[in-house]
Amino acid sequence: MDTEGTYDARGTGADRVPSPAGPPPAAPPPPTRAPYAPGPRRAPTADGGLEEWLRTPRPVREPGVWRFGHTPRPPEKPEGVSDRSLLVGVLISVLSGLLLWSLWRNGYIPYRLVPLKLFTPGDWWYAGTFGGPRTIEGADALTVYEAVLFGLLVYGCGRLGNWSEIFRRHVAGRGQPFLGLATAAAGAFAELLVWKDAVPLVRPVLILVASVAGGEIYQSQAVVNVIYALIALGVLWPFARLGHWRELAAARFGKGAGSPGKGTGSAPPAPSAPPDAPTFEQWPELRAAGLTDAAETLAAEVRLGRMNDVDVARVRHAWTVGRAHPERLAALSEAVLRSGGAAALHPSGARDLARRTARHDLLTGQVRIGGCADDPHNPYARRGSGVALEPALLGTSLLAVGPPGAGKSARLVRPVVESLALQALAGRAAVLAVGGAGGELGPDDAFDVVVRIGDPASVHDFDLYGGTTDPDEAAGVLAEGLVGDVTQLDSRRAATVLAQLLGPYRAVHGHFPGVPALRELLDGDEAAVDALRQALAAGGHQAMLRELEARARQKGGPGDPGPVLADRIALLDRPAFAPFFATGDEARPFSLRSLEHLPLRVRIDLPERAHAEASRLLTRLVLAQFTAIAAARADRSLFACLVLDDATHTVTAETVRGIRRLRSVNAGAVLALRTVDDVPEGLHTALLGAVGCCMAFSGVTTWDGKRFAEVWGKEWVETREVAQHAVFADQPFTRALHGLRKLVTGKAVTRDAVTVRRVERERWSASELAYQLPAGHAVLSLTTVEGEHAPPLLVDLGG
């Protein structure tokens, strides 16, 4: 298979790639695909094409934020007055204003004309404090004076009644078109009051115009009509400003009919760069390197819809890798010119998965698993934002705990496996998923290798020794898988026993023993041991003969791990496993060492129902092999990830140390447990400290919740303690006011004594985790490989 030098430079040819589990998609792809998943000729998103997907901003945010199209949340507003208090305030201010205006108009307010008389001629007024206007000029001045006082009264009542807040909360807060309709209705009502002289506005304006331009101006009807029109427009102007009528009209009519959404900010802004500057979808990095023809080819592929998001991610990754190797860059350029978006294909030839069940963004390597709930436990800025996982987070490993049915497989494991499979198709990752037969890890055609242990129809076998030729290394890993969970047995002694048998057997036969032969040797079968001893003597393998003799002397001694190893290996020496774990020349095992160089997608199905203990043994063995192989990789450019759908009785002391080392070798593990008690009690603290990401699903017990609460620690919070003290009035008038206030608000008059303190509290308590997590939710804490942390967040897994 032609890989354009992308993978061959790793020292691995196409002939070493295991055949895919199912028929790989042909290139070019078939015209029809599953409706949910975009193919190479379909847009990567449901609501836009590939060009729009490439132009969507992805701001750098805190760990775990879904960056695709992320919009920061507006700043938190302080707690305001309750709606009831607002409405009561408006009602009281309006009634107070009407009362004051009525008292004014009926002359019950003393000295009301004194300020006006101080600034006007005395012959305009009758004598005395209550004397009214004597001349027409005095009457006109009084009219203007009352209009000014009316405006001040309205302004004062509006400030006292907090009219602006109730407008923002209940009118402006509902958005368009309600805002425009409400302000239009209010404007029409204001016009009615103005022209009915209920509001003193028309006559004062006419008087002021006459005093400036002269009374003769009203002899022209046209001038009068113009003044009336200006008054009407002046009344409507503040309502138009409040209702944003101009923006509403532009949104509805300015961009043409039939285009809803345009003109409201949904259209992309005009680019600030020069018109000839290449945009993101025009591959500017290739143009900058002088590969203009390749950039033009890829831009045309994007524009014509011949590429998908996997193609874009794969070509960009190939370009990133090729910059350090000019020969690869030249091969990539030739492949792009020849094949377009199908350049640098995955060894399987696949360009996408047949079906996707989660939202993926391959430019950032993220998969969305939910959204932050609007809960006080979550920081305000994170509420409502998407939650996503990526290799930078999975590199610290993730531990998920939740009862059956909580959603671990469907809402966490499956999306993570799917994301890693897509990144493997882009040449950036290798994934190994382990679960029960018939699980939810994905269809067969989503993987390159499917190992069905216990199924005679399985194309691939499993290598118990991890592809190594070193007896000591093979013995150490095999011992961890066989007896790593036996706390009374030292796995190092078990590894020594296995090495004393594996080394001599390999020296004679050229390969390690199969399960039946290894069981015979561990049981101390005389015929098998004598035959091996004679073959070693005949071949001159004196060192290996001494190893075998040492094992014979130790057999049956106190603390001998041989019988325990024999009992454990007997779990694999069953008729259902007879075709498996072969080691001869005709064996067809799949070795995890293939993950060192190739972006493979591997799934191992275990017979958990019929052979539960054997499945746990194999899972321990896979975990031990993965941690050992990942740490020993020479080429760590690929992100390798192991996903265990059920890690029950899998974790050992040695694998905990191996998990801790994964973050430094560009690898990670995802472990799903029903309860933390599925791990030996002595390893609880070590395991929770080894992983950087922890996830507690709804339904965990208080015992599990206590362990997570200890991991997540405490934080300083500010508490407010309010003590209400009754206020007693001595004066009759004050008591009357208090009675009126109690009648309006329904509460007695009290004085609040507020005490503010900073206290240290658990971020999540054991009781909250056990009893307050809603169904379909989980609490997730995150850590990147660089050490950046995110606090435990309440995640809605369906958001």
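Please refer to the structure placed before this passage.
Let me sum up the structure you'll find in this document.

Quick notes on the rules
- Residues numbered from 1 in each chain as written.
- Predicted model: local features only at pLDDT ≥ 70, side-chain atom pairs only at ≥ 80, totals over all residues.
- Heavy atoms only, no water.
- Helix = DSSP H or I, 4+ residues; strand = E, 2+ residues; numbered from the N terminus.
- Buried < 20%, exposed > 50% of the residue type's maximum accessible area, 1.4 Å probe, protein only.
- Contact = heavy atoms within 4.5 Å.
- Areas by Shrake-Rupley, 256 points an atom, 1.4 Å probe, with all protein chains shown as cover.
- Axes fitted to C-alpha atoms, helices over the stretch in contact; angles between N-to-C directions.
- Parallel < 35°, antiparallel > 145°, perpendicular 65-115°, else oblique.
- Left-handed = near helix turned anticlockwise from the far one by under 90°.
- Nonpolar A, V, L, I, M, F, W, Y, C, P; charged D, E, K, R; others polar.
- Core = buried A, V, L, I, M, F, W, Y, C linked by side-chain atoms within 4.5 Å.
- Lys, Arg positive; Asp, Glu negative; His and termini not counted.
- Salt bridge = Lys/Arg side-chain N within 4 Å of Asp/Glu carboxyl O.
- 1 Å grid on protein atoms, 1.4 Å probe; cavity = no way out; pocket = protein on both sides within 12 Å on 5 of 7 lines; lining within 4 Å.
- Points joined across faces, edges and corners; volume = space filled by probe spheres on them.
- Phe/Tyr/Trp six-rings, centres within 6.5 Å; stacked < 30°, edge-to-face > 60°.
- Lys NZ or Arg CZ within 6 Å of the ring centre and 35° of its normal.
- Polar contact = N/O pair within 3.5 Å; in protein donor to acceptor, adjacent residues only side chain to side chain.
- Patch = residues over 30% accessible without salt bridge, like charges linked within 9 Å, V, L, I, M, F, W, Y side chains within 5 Å.
- Pairing = 2+ DSSP bridges.
- Arc of directions from axis to C-beta.

### Structural notes on the overall build of the chain
Now for step 1: Secondary structure summary: the chain contains 27 helices and 16 strands in total.
Now for step 2: When the 799 residues of the chain are sorted by exposure, 45% land in the buried category.
Now for step 3: In the chain, of all internal contacts separated by at least 6 residues, the share reaching a separation of at least 24 is 74%.
Now for step 4: Carbon and sulfur atoms provide 57% of the accessible area of the chain, an area that totals close to 39,800 Å².

### Description of the packing of helix α17 (residues 491-509) against helix α20 (residues 542-554)
Now for step 1: Running from amino to carboxyl end, α17 crosses α20 at an angle of 140 degrees, the nearest separation of the two axes being 9 Å. Between α17 and α20, the interaxial angle falls into the category oblique. Considering only the axes of α17 and α20, their crossing is left-handed. Judged by residue contacts, V497, A499, Q500, L501, G503, P504 and A507 of α17 engage M544, E547, L548, A550, R551 and Q554 from α20.
Now for step 2: Of the residues assigned to the contact of α17 with α20, the class counts are eight nonpolar, three polar and two charged.

### A word on the nonpolar core
Now for step 1: One finds F462, L498, L572, F581 and I604 to be the most contacted residues of the largest nonpolar core, which totals 95 residues.
Now for step 2: Examining the composition of this core, we find that ten residues originate from one element, helix α22 (residues 612-631), more than from any other.
Now for step 3: Non-local contacts of L572, meaning those with residues more than four positions away in its chain, are made with L464, V515, F577, F581, A614, L617 and L618.
Now for step 4: If you look at the next biggest cluster of nonpolar residues, it comprises 47 residues, including I369, V416, C693 and L793.

### Points about the side chain of E480
Now for step 1: When you line up the elements, E480 lands in helix α16 (residues 471-483).
Now for step 2: Buried and without a salt bridge, E480 has R657 as its closest oppositely charged side chain, separated by 6.5 Å.

### What to know about empty space enclosed by the protein
Now for step 1: Scanning the entire structure with this criterion turns up seven cavities of 30 Å³ or more.
Now for step 2: What lines the largest cavity is L353, R355, R414, V417, E418, A421, L441, G442, P443, A446 and F447.
Now for step 3: A class-by-class count of the residues in the lining of the largest cavity yields seven nonpolar, one polar and three charged.
Now for step 4: Its boundaries defined by the atoms lining it, the second largest cavity holds a volume of some 50 Å³.
Now for step 5: Looking at the second largest cavity, the residues that line it are Y465, G466, T468, E473, A474, V477, R593, Q625, A628 and I629.
Now for step 6: Of all the secondary-structure elements, those providing two or more residues to the lining of the second largest cavity are α16 and α22.
Now for step 7: Here the residues of the lining of the second largest cavity are counted per class, giving five nonpolar, three polar and two charged.

### Considerations on the packing of aromatic side chains
Now for step 1: Counting across every chain of the model gives eight aromatic pairs.
Now for step 2: Considering the side-chain rings of W104 and Y145, the 5.8 Å spacing of their centres and the 55 degrees angle between planes classify their relative orientation as tilted. Taken together, the positions of W104 in helix α2 (residues 83-105) and Y145 in helix α4 (residues 136-160) put the pair 41 residues apart, joining distant regions of the chain.
Now for step 3: Residue class for W104 comes out buried when judged on its relative accessible area of 9%.
Now for step 4: By way of ring pairs, the aromatic residues F577, F580 and F581 are connected into one cluster.
Now for step 5: In this structure, R58 packs its charged tip against the face of W53, placed 4.9 Å from the ring centre.

### Focus on the side chain of S93
Now for step 1: In this fold, S93 is placed in helix α2.
Now for step 2: Owing to a relative accessible area of 5%, S93 belongs among the buried residues under this scheme.
Now for step 3: For S93, the side chain forms a polar contact with the main-chain oxygen of V90, separated by 2.8 Å.
Now for step 4: There is a polar contact of 3.0 Å between the side chain of S93 and the side chain of W163.
Now for step 5: When residues no more than four places from it in sequence are discounted, the contact partners of S93 are C157, G161 and W163.

### With respect to a nonpolar patch on the surface
Now for step 1: A contiguous nonpolar patch, built from L91, V94, L95, L98, V154 and W163 and spanning about 530 Å² of accessible area, is present on the exposed surface.
Now for step 2: Here the element with the most residues in the nonpolar patch is α2; it accounts for four residues.
Now for step 3: Turning to its location among the elements, W163 is positioned in helix α5 (residues 163-170).
Now for step 4: Exposure remark for W163: the relative accessible area of 31% places this residue in the partly exposed category.

### A closer look at the pairing of strand β16 (residues 789-796)
Now for step 1: Sheet analysis places strand β2 (residues 366-372) next to β16, joined by two bridges and oriented antiparallel. Bridging across to β16, C372 finds its partner in V795.
Now for step 2: Two strands pair when backbone bridges link them, and strand β15 (residues 777-783) and β16 are joined in this way by six bridges, in the antiparallel orientation. Looking across to β16, one finds that H777 is bridged to D796.
Now for step 3: Linking β15 back to β16 in an antiparallel pair, the connection comprises five residues, with G787 at a positive phi of about 100 degrees.

### Considerations on the layout of surface pockets
Now for step 1: The calculated volume of the largest pocket comes to roughly 1,400 Å³.
Now for step 2: Mapped by element, the contributors of at least two residues to the lining of the largest pocket are α2, α4, α5, α6 (178-195), α7 (202-213) and α8 (221-243).
Now for step 3: In terms of residues, the lining of the largest pocket owes the most to one element, α4, which gives nine residues.

### Examining the environment of V451
Now for step 1: Along the chain, V451 turns up in strand β6 (residues 449-452).
Now for step 2: For the pair V451 and F462, spaced eleven residues apart in sequence, the C-alpha to C-alpha distance is 6.9 Å.
Now for step 3: Discounting residues that sit within four places of it in the chain, V451 has contacts with S458, H460, D461, F462, F590, R603, I604 and D605.

### Quick word on helix α23 (residues 653-662)
Along an α-helix, residues three or four positions apart point the same way, because every turn accommodates 3.6 residues.
Now for step 1: Turning to α23, its buried residues are T655, V656, G658, I659 and L662. Looking straight down α23, one finds that the buried residues subtend no more than 160 degrees of arc, so they occupy a single side.
Now for step 2: Where α23 is buried, its residues contact α16, α22, β11 (667-673) and α24 (684-690).

### Regarding unusual backbone geometry
Now for step 1: Looking along the chain, the bond that leaves Q176 and enters P177 is cis, with omega of 5 degrees.
Now for step 2: Summarising the element assignment, P177 is placed in the loop between α5 and α6.
Now for step 3: At H244, a position not held by glycine, the phi torsion is positive, near 55 degrees.
Now for step 4: Examined against the element boundaries, H244 turns out to sit in the loop between α8 and α9 (245-254).

### A short note on the pattern of salt bridges
Now for step 1: Summed over the entire model, instances satisfying the criterion amount to 34 salt bridges.
Now for step 2: A salt bridge links R519 to D573, with the shortest nitrogen-to-oxygen separation between them at 3.0 Å. With a gap of 54 residues between them, R519 in helix α18 (residues 515-523) and D573 in the loop between α21 (562-570) and β8 (589-590) connect regions that are remote in the sequence.
Now for step 3: Accessibility expressed as a relative area gives 29% for R519, which makes it partly exposed.

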